[in-house]
Amino acid sequence: MSNTKVLPLIEAEGSEAVAPCCPPLTERPFSAEEAETAARMFKALGDPVRLRLFSAVASHESGEACVCDISDVGVSQPTVSHHLKKLREAGLLTSQRRGTWVYYRVEPSVLAAMGKLLTLPTVA
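In this text, all values refer to a predicted model and were calculated from it rather than measured experimentally. Each residue is numbered by its place in its chain's sequence as written, counting from 1. Where totals are concerned, whole chains, interfaces and linings use all residues; where local detail is concerned, this predicted model gives features only for residues with pLDDT of at least 70, and gives and counts side-chain atom pairs only at 80 or more. Based on all heavy atoms of the structure, the side-chain values leave hydrogens and waters out of the count.

J.: Describe a nonpolar patch on the surface, and please don't skip the residues or the numbers.
T.: For patch detection, residues must exceed 30% relative accessible area and be free of salt bridges, and they are connected within 9 Å for like charges or within 5 Å for nonpolar side chains (Val, Leu, Ile, Met, Phe, Trp, Tyr). In these tables, accessible area is a Shrake-Rupley quantity obtained with a 1.4 Å probe, and a residue counts as shielded only by the protein chains included in the view. Salt bridges are identified by distance alone: a Lys or Arg side-chain nitrogen within 4 Å of an Asp or Glu carboxyl oxygen. On the surface, Leu25, Phe42 and Leu118 cluster together into a nonpolar patch covering about 290 Å² of accessible area. In DSSP terms, a helix is any run of H or I states spanning at least four residues, a strand is any run of E spanning at least two, and both are numbered starting from the N terminus. Residue position: phenylalanine 42 is located in helix α1 (residues 32-45). Note on phenylalanine 42: relative accessible area 37%, which makes it partly exposed. Burial classes follow relative accessibility: with a 1.4 Å probe on protein chains only, a residue under 20% of its type's maximum area counts as buried, one over 50% as exposed, and anything between as partly exposed.

Here is the structure:
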């Protein structure tokens, strides 16, 4: 059994929009739990190889990328697999095996939640 924690997302009522795991950074100080959750996400993206892999998946034209299309990031295949696993554990990627290949996807709700976390307050 895994002790993996994923980035919690909350679906907004009446729409497919999501609220981030935490309030925007400028809204109020984080609680200890909110800080832990956000830190997991930022820690996963804090490695340059992971950030490149995340970007490769997020920017792929079909919205998902086969591991065979994104593995050329200057490290060995086992290292790519390790980094993709860390991104999945952080809740930033989902994966699906199709035959011998694994396809990765960044769920739109994850990108929306990340954007809301880093949103500046609107000025009236």
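J.: Tell me what's going on with the packing of aromatic side chains, and back it up with residues and numbers.
T.: Put simply, two rings from Phe, Tyr or Trp (the six-membered ring, in Trp's case) pair if the centres are within 6.5 Å, and we call them stacked under 30 degrees between planes, edge-to-face over 60, tilted for the rest. Enumeration according to the criterion identifies 0 aromatic pairs in this entry. In this scheme, Lys NZ or Arg CZ marks a charge over a ring once it lies within 6 Å of the ring centre and within 35 degrees of the ring normal. Against the face of tyrosine 103 rests arginine 98, its NZ or CZ located 4.3 Å from the ring centre.

J.: Tell me about the pairing of strand β4 (residues 94-98), and please be specific about residues and values.
T.: The pairing of β4 with strand β5 (residues 101-105) spans 5 bridges and is classified as antiparallel. Counterpart to arginine 98 in the pairing with β5 is tryptophan 101. At least two DSSP bridges between two strands are needed for those strands to be called paired. The antiparallel pairing of β4 with β5 creates a hairpin that spans 2 residues between the two strands, and glycine 99 there sits at a positive phi of about 65°.

J.: Please provide a residue-by-residue account of the side chain of arginine 50, values included.
T.: By secondary structure assignment, the location of arginine 50 is in helix α2 (residues 48-58). Neither His nor the chain ends contribute to the count of charged residues, in which Lys and Arg are positive and Asp and Glu negative. Within the buried set, arginine 50 has no salt-bridge partner at all; the shortest N-O distance to an opposite charge, 4.9 Å, is to aspartate 47. With residues near it in sequence (within four places) discarded, arginine 50 still touches Lys43, Ala44, His82, His83, Lys86 and Leu87. Contacts are assigned to residue pairs that have any heavy atoms within 4.5 Å of one another.

J.: Before we move on, could you go through the packing of α2 against helix α4 (residues 77-89) and cite the residues and values that matter?
T.: Axis separation between α2 and α4 bottoms out at 10 Å; the angle between their running directions is 75°. The angle between α2 and α4 falls in the class roughly perpendicular. On α4, the residues touching Val49, Arg50, Leu53 and Phe54 of α2 are Val80, His82, His83, Leu84, Lys86 and Leu87. Each residue gets one of three labels, nonpolar for Ala, Val, Leu, Ile, Met, Phe, Trp, Tyr, Cys and Pro, charged for Asp, Glu, Lys and Arg, and polar for the others, Gly among them. Residue classes in the contact of α2 with α4 are distributed as 6 nonpolar, 2 polar and 2 charged. Lines fitted to the C-alpha atoms define the axes, with helices restricted to the stretch that makes contact. Angles between their N-to-C directions range from 0 to 180 degrees. By definition in this entry, angles of less than 35 degrees are roughly parallel, angles greater than 145 are roughly antiparallel, angles of 65 to 115 are roughly perpendicular, and the rest are oblique.

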